[in-house]
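# Fold and geometry: a report
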Amino acid sequence: MPQRGRPPGSLGKKKRDEIASQGTLRSLGSSLTTTLRNSREPTEEEFTTENLATSLDNAMDEINKQLQKIRKDFSKAIADHDKVIEDLKTENLELKSKCESLEARVAALEKSQGAHSELINKQERFSRRNNFRIVGLKTESDEDPIKMASEVISKIGIPNCKIERAHRDGRNVPGRDRHLLVKLSYYQDKVTIMKNARQSLSNESFYVIDDLTKMDLKEKRKWSQKVNQLFQQGTKLRFFGGCWRQANGKPYVFPTL
């Protein structure tokens with residue numbers, strides 16, 4: 001008769017499942033142990049490199065922020081600078097316009113002043129029309145200028161010439177006699193005196209010159225050296241009416257460089 005129940009030494013299903021579960025746990029434990037055994041902490045080099053990378057990233061971010069701020073500030077500065085330049089351009093144009101206006105006014109004033117100076121010189125020249133000067137006439141104590149002038153005019157060949165007035169004129173210079181300024185009543189007498197004075201007084205220590213304005217005297221002295229050269233070459237010029245003139249009375253045009 002067959003034996004009932006489990007064979008001797010056999011395990012039940014529950015027991016078998018318990019044993020299998022324990023084996024799986026042991027396998028997982030063994031695998032975890034192996035994994036933990038093989039794992040390690042990061043080295044100092046790896047740790048420093050990681051921190052350095054992080055620091056560089058942070059520094060780059062900060063630099064980028066600063067660059068953005070600088071770019072923004074620089075853009076604002078350029079905009080402000082451009083505005084200042086535009087304002088200066090506008091101001092410069094206004095100043096240029098004012099300068100041109102002032103230059104035009106100055107040119108007009110200079111032209112007007114030149115015309116007025118010439119007009120005044122002509123009027124002064126006309127007021128001296130009947131005047132002449134005796135240069136080098138010795139000064140005497142208690143001298144009579146009109147009598148002295150009359151004696152000189154008589155030597156020139158015009159006796160009984162009517163003299164309106166005569167007096168010493170000019171600065172006192174040691175060792176030099178002041179000019180004797182003479183004003184005649186008639187212009188034609190003066191013309192005759194100026195024509196004949198050089199020849200008539202060639203042996204005297206004094207001589208006669210025209211009474212020129214400052215402007216005319218400056219013009220006369222300006223070309224004196226050139227006039228002397230022309231005289232040696234045979235060209236005779238005479239100064240009257242504010243310029244050097246030829247024998248026919250026409251103004252002589254001096255060549256300029």
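Residues numbered from 1 in each chain as written. Predicted model: local features only at pLDDT ≥ 70, side-chain atom pairs only at ≥ 80, totals over all residues. Heavy atoms only, no water.

## Quick word on helix α4 (residues 187-200)
In this model, α4 (14 residues) spans 19 Å end to end at C-alpha, consistent with the 20 Å of a helix rising 1.5 Å per residue. The sharpest bend along α4 reaches about 30° and sits at methionine 194. Among all positions in α4, only Asp189, Lys190, Ile193 and Ala197 are buried. Residues of α4 that are buried make contact with β1 (131-135), α3 (145-156), β3 (179-184) and β4 (207-210). (Helix = DSSP H or I, 4+ residues; strand = E, 2+ residues; numbered from the N terminus. Expected span 1.5 Å × (residues − 1). Bend = angle between axes of the 7 residues up to and from the residue. Buried < 20%, exposed > 50% of the residue type's maximum accessible area, 1.4 Å probe, protein only. Contact = heavy atoms within 4.5 Å.)

## Quick look at the side chain of arginine 128
Within the secondary structure, arginine 128 sits in the loop between α2 (44-127) and β1. A distance of 3.0 Å separates the side chain of arginine 128 from the side chain of aspartate 211, its partner in a polar contact. In this structure arginine 128 touches Arg133, Lys190, Asp211, Leu212 and Thr213, once residues within four positions along its chain are discounted. (Polar contact = N/O pair within 3.5 Å; in protein donor to acceptor, adjacent residues only side chain to side chain.)

## A closer look at the pairing of β1
Judged by how many residues are buried, β1 sits mostly within the fold: five of five residues are covered. What you see with β1 is no split at all: Asn131, Arg133 and Val135 on one side and Phe132 and Ile134 on the other are buried throughout. Bridge analysis of β1 against β3 gives four bridges, and the strand direction is antiparallel. By the bridge assignment, asparagine 131 is partnered in β3 with lysine 183. Sheet topology places β1 next to β4; four bridges connect them, and they run antiparallel. The residue bridging phenylalanine 132 from the neighbouring strand is aspartate 210, located in β4. (Pairing = 2+ DSSP bridges.)

## A closer look at the sheet that holds β3
Within the open sheet, the four strands sit side by side as β2-β3-β1-β4. Their pairing is antiparallel. Edge strands, defined here as strands with exactly one partner in the open sheet, are β2 (163-169) and β4. Recorded for the sheet is a direction-independent mean angle of 25° between the axes of neighbouring strands. Lying over the sheet, α3 contacts β1, β2, β3 and β4, oriented at roughly 110° with respect to β2. Lying on the sheet, α4 is in contact with β1, β3 and β4; it crosses β4 at an angle near 130°. (Axes fitted to C-alpha atoms, helices over the stretch in contact; angles between N-to-C directions.)

## Points about the packing of α3 against α4
At a minimum axis distance of 8 Å, the contact between α3 and α4 shows a crossing angle of 80°. Our classification of the angle between α3 and α4 gives roughly perpendicular. The segment α3 lies against α4, with Ile153, Lys155 and Ile156 engaging Ile193, Asn196, Ala197 and Ser200. Of the residues in the contact of α3 with α4, the class split is four nonpolar, two polar and one charged. (Parallel < 35°, antiparallel > 145°, perpendicular 65-115°, else oblique. Nonpolar A, V, L, I, M, F, W, Y, C, P; charged D, E, K, R; others polar.)

## Digging into the nonpolar core
Core analysis: the biggest nonpolar cluster contains 20 residues, and Phe132, Ile134, Ile153, Val182, Leu184, Ile193 and Val208 have the highest contact counts within it. For this core, the elements supplying multiple residues, two or more each, are β1, α3, β2, β3 and α4. Ignoring sequence-local partners within four residues, the contact set of leucine 184 consists of Asn130, Phe132, Ile153, Cys161, Lys162, Ile163, Glu164, Asp189, Lys190 and Ile193. Ranked by size, the runner-up nonpolar core spans eight residues in total, among them Leu212, Val227, Leu230 and Trp244. (Core = buried A, V, L, I, M, F, W, Y, C linked by side-chain atoms within 4.5 Å.)

## Some remarks on the pattern of salt bridges
Counted by the stated rule, this structure contains 13 salt bridges. Here aspartate 73 and lysine 69 are joined by a salt bridge, their closest N and O atoms 3.1 Å apart. Of this pair, aspartate 73 and lysine 69 both sit in helix α2, separated by four residues, roughly a single helical turn. Residue aspartate 73 is classed as partly exposed on the basis of its relative accessible area, which comes to 39%. For lysine 69, a relative accessible area of 49% gives the class partly exposed. A salt bridge links aspartate 211 to arginine 128; the shortest N-O distance between them is 3.0 Å. (Salt bridge = Lys/Arg side-chain N within 4 Å of Asp/Glu carboxyl O.)

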